[in-house]
Every structure is written in C-alpha cells, then in structure tokens.
Amino acid sequence: MVVINSIEKGIVIDHIKAGNGAKILNYLNIDTAKYSVAFLMNASSNQFGKKDVIKIDKVTDIDLAVLGLINPDCTVNIIEDHVIVKKIKPTLPETVSNVIKCKNPRCVTSVEANAPHIFHLINPETREYQCEYCDDIVSMKGDNLDAILRK
Ligand SMILES: [Zn+2]
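The paragraphs below set out a description of the structure included in this document. The structure presented is a predicted model; accordingly, all values stated were derived computationally and were not measured.

So, how was this worked out
- Residues numbered from 1 in each chain as written.
- Predicted model: local features only at pLDDT ≥ 70, side-chain atom pairs only at ≥ 80, totals over all residues.
- Heavy atoms only, no water.
- Pairing = 2+ DSSP bridges.
- Helix = DSSP H or I, 4+ residues; strand = E, 2+ residues; numbered from the N terminus.
- Axes fitted to C-alpha atoms, helices over the stretch in contact; angles between N-to-C directions.
- Contact = heavy atoms within 4.5 Å.
- Donors = N, O, S within 2.8 Å, 3.2 Å for Na, K, Ca; no water.
- Tetrahedral: all angles 85-135°; square planar, octahedral: opposite > 155°, others 65-115°.
- Buried < 20%, exposed > 50% of the residue type's maximum accessible area, 1.4 Å probe, protein only.
- Arc of directions from axis to C-beta.

This brings us to the sheet that holds strand β1 (residues 10-17). The 5 strands are arranged β2-β3-β1-β4-β5 in an open sheet whose pairing can be described as antiparallel. Either end of the sheet is taken by a strand with one partner, and the two such strands are β2 (37-45) and β5 (83-88). Here the average twist between neighbouring strands, direction ignored, is 20°. Both β2 and strand β3 (residues 49-57) contribute to a ladder of 7 bridges, which runs antiparallel. Across the sheet, the residue bridging to Ala43 is Lys51, located in β3. Its contacts with the sheet put helix α1 (residues 21-28) on β1, β2 and β3, and the angle it makes with β3 is roughly 25°.

Structure follows, in structure tokens:
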C-alpha cells in the first residue's frame, strides 16, 4: 500500500495509463539532482486496472504541458502542507517543442539534426498538430505514441 499524499509539498501525477509514466518522466525535464522523484509503475487502480503514478517532492511549478499531449486523462494534484490544494486536468498545449517528431523525410528537421521540432495545435477535437516547417499533420490520438514521440 503506497500512500501517495504522504509528501508535505509537491506534485502528484495520478491515473497515468500504465506504460506512459516513463514517457512523461522523460519529457518533464525534472532536475533529479535537485528534486526527489518517486515513480510507481503498474499500481492497482479501481478505476483503470493498472496505472502509473509520479510524485515530485518540494516543487509545484514545473511545466506540465506535455501531460495533455501524452496522457490527457491523468490527474495532477498539487500538495501543500500534506493536503491536496489544487487538482489540475491537463489540457492540450498550443505549441510543443521537441516532443513530437516530424516524419516527413523532406522536412528540414529530418535533414538538420539540430533543428527544433516545433508543432502547433490545429484541431483539439482530433488532437492534430502541424509541423511548423513542412505542414505535415500528426494526430496524438490513439496508441501510436512511440512512433510520434522523439524520445
Ligand atoms: Zn516537418
């Protein structure tokens, strides 16, 4: 039994679809030398069967935009003085840098290794993003995340 609210101050990202937790950790860019991070894989959940949970100690202001992209159904709990003071539902970011990779072989990002991969949200309903350079469209719907994400 893991008590996820046992931190004094921090962020608990709960109800992450099992398997997505590692991807999210990759993109949150948390300075692990500075902050302590607990990562729980395949925890039992009444609602979802299996879930991942990420707990970040002592920090409440990290950029969570990537959550809306990778796992919009997760829940973010902001903890202060051992209690949840705020619950956040992730939303789709308008612009994402270096998360989605462009698959167009003629795109500048395919040719130049250092070119930033920048995508803009064009349709929230279909969760479609468009490459800034070549106008290729990528849908963040479905389970093909491994093919879409850069790392
Ligand atoms: Zn492109």
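The structure having been displayed, the exposition proceeds.
For the zinc ion, the full set of protein donor atoms is Cys102 (SG), Cys107 (SG), Cys131 (SG) and Cys134 (SG), and the range of their distances to it is 2.3 Å. Because the angles between the 4 donor atoms bound to the zinc ion fall within 100 to 116°, the donor set is best described as tetrahedral. We note that the donor set of the zinc ion lies within a single chain, spaced as C-x4-C-x23-C-x2-C. The buried category is assigned to Cys131, whose relative accessible area is 2%.

Along the chain, the position of Ala147 falls in helix α4 (residues 145-148). For Ala147, a relative accessible area of 37% gives the class partly exposed. The residues contacting Ala147, other than those within four sequence positions of it, are Lys101 and Lys103.

Another point: the pairing of strand β7 (residues 118-123). With 3 bridges joining them, strand β6 (residues 95-97) and β7 adopt antiparallel strand pairing. By the bridge assignment for β7, Ser97 is matched with Ile118. Where β7 meets strand β8 (residues 128-131), 4 bridges bridge the pair, whose relative direction is antiparallel. Following the sheet pairing, Leu121 is matched in β8 by Tyr129. Hairpin connection between β7 and β8: a loop of 4 residues separates the two successive antiparallel strands, and Arg127 in this loop has a positive phi of roughly 55°.

Moving on, we come to α1. Inspection of α1 places Gly21, Lys23, Ile24, Tyr27 and Leu28 among the buried residues, and these make up the whole buried set. Buried positions in α1, seen along its axis, are confined to an arc of 160° and lie on one side of it. On its buried face, α1 is in contact with β1, β2, β3, α2 (65-70) and α4. Following α1 by one or two positions, Asn29 adopts a phi angle in the positive range, close to 50°.

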